[in-house]
Amino acid sequence: NNQDIVIRSCEQDELYLQARNTVFDQLCPKLTDTNIPRALEQLLRLGWAGLLVQSISTLGEDNESTKGLWNTVDLLLNIEGGRQQDRSQAEYLINVVTDGFNRYPIHPDSSRNYIAMLEEFLTSGGKQHTELATAQVKLERHQIQQLLDEQTTALHETIVDSGIEQSWLELVGGIEQDHWIV
């Protein structure tokens, strides 16, 4: 019935907002106290932050796919140019990034270009597209928040912000199936 649909929708919205907060809370300590490689900054700008939110809200934090997305952030945070990447690690990274951008295609053309550059970088031992590792970027908390704002949406206003009087909310909350509304 409609009430069940509304309840499920609200529960999903709550999970989404919790996931968004989780992503913010986990990205900030990793990214704000240090310079990060351009490769990671570009990944985040191409939709990875939003993909993390989507994955956590739908699959959960403990899901292997979600863990792979976080692992990608960690691997790119520690990427180095000038040395050959472990072949299996490079393949894993490319596969996860490709799969992620296929699941969450915010910028499909830019994502394909990024994947091609990253693959060339990894397979050349960092000799091609060296800027992915050598160019360092500093992100602040407000920039991470802005990324999340751009890639996600707050689905519903909270009751406090909605401007609806509490008495009306209580009245609507008490409506049951087969009640007449006049």
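Nothing here was measured: the structure is a model prediction, and the numbers come from that model. (Residues numbered from 1 in each chain as written. Predicted model: local features only at pLDDT ≥ 70, side-chain atom pairs only at ≥ 80, totals over all residues. Heavy atoms only, no water.)

1. A closer look at the packing of aromatic side chains
Argument step 1. If you walk through the whole model with that rule in mind, you get 2 aromatic pairs.
Argument step 2. With a centroid separation of 5.4 Å and an interplanar angle of 80 degrees, the aromatic rings of W48 and F101 are classed as edge-to-face. Placement of W48 in helix α2 (residues 38–59) and of F101 in helix α4 (residues 87–103) is noted, with a sequence separation of 53 residues between them. The same class applies to W48 and to F101, which are both buried. (Phe/Tyr/Trp six-rings, centres within 6.5 Å; stacked < 30°, edge-to-face > 60°. Helix = DSSP H or I, 4+ residues; strand = E, 2+ residues; numbered from the N terminus. Buried < 20%, exposed > 50% of the residue type's maximum accessible area, 1.4 Å probe, protein only.)

2. Let's talk about the confidence of the model for the protein chain
Argument step 1. Overall, the prediction assigns the protein chain a mean pLDDT of 85, with 88% of residues at 70 or greater.
Argument step 2. For the protein chain, per-element mean pLDDT is lowest for helix α8 (residues 159–162), which scores 44, and highest for helix α3 (residues 64–77), which scores 95.
Argument step 3. A low-confidence stretch, residues 154–161 (pLDDT under 50), is modelled with 8 contacts involving residues beyond four sequence positions or located in other chains. (pLDDT = per-residue confidence, 0-100. Contact = heavy atoms within 4.5 Å.)

3. Quick notes on the packing of α2 against helix α5 (residues 108–123)
Argument step 1. Here α2 crosses α5 at 155 degrees, and the two axes come no closer than 10 Å. As far as their axial angle goes, α5 and α2 are roughly antiparallel. Where α2 crosses over α5, the handedness of that crossing is left-handed. From α2, A39, Q42, L43 and L46 reach across to α5, where they touch S110, S111, Y114 and M117.
Argument step 2. A breakdown of the residues in the contact of α2 with α5 according to their chemical character gives 5 nonpolar, 3 polar and no charged. (Axes fitted to C-alpha atoms, helices over the stretch in contact; angles between N-to-C directions. Parallel < 35°, antiparallel > 145°, perpendicular 65-115°, else oblique. Left-handed = near helix turned anticlockwise from the far one by under 90°. Nonpolar A, V, L, I, M, F, W, Y, C, P; charged D, E, K, R; others polar.)

4. Considerations on the pattern of salt bridges
For side chains bearing opposite charge, pairing can occur when the charged atoms are close.
Argument step 1. In the structure shown here, the tally under the stated rule is 7 salt bridges.
Argument step 2. Between D149 and R20 there is a salt bridge whose closest N-O contact spans 2.3 Å. Separated by 129 residues along the polypeptide, D149 in helix α7 (residues 141–151) and R20 in helix α1 (residues 2–31) bring together distant segments of the chain.
Argument step 3. Looking at D149, the relative accessible area reads 43%, which means it is partly exposed.
Argument step 4. Assessed through its relative accessible area of 13%, R20 is described here as buried.
Argument step 5. Across the pair E41 and R38 runs a salt bridge, and its minimum N-O distance is 3.1 Å. You can see E41 and its partner R38 sitting in helix α2, 3 residues apart, about one turn around the helix.
Argument step 6. The class of E41 is buried, set by a relative accessible area of 8%.
Argument step 7. Overall, R38 belongs to the partly exposed group, its relative accessible area being 28%.
Argument step 8. Counted as one network, the salt bridges with shared partners bring together R38, E41 and R45. (Salt bridge = Lys/Arg side-chain N within 4 Å of Asp/Glu carboxyl O.)

5. Points about unusual backbone geometry
Argument step 1. One non-glycine residue, H129, lies in positive phi territory at about 55 degrees.
Argument step 2. Checked against the element boundaries, H129 lands in the loop between α5 and α6 (131–134).

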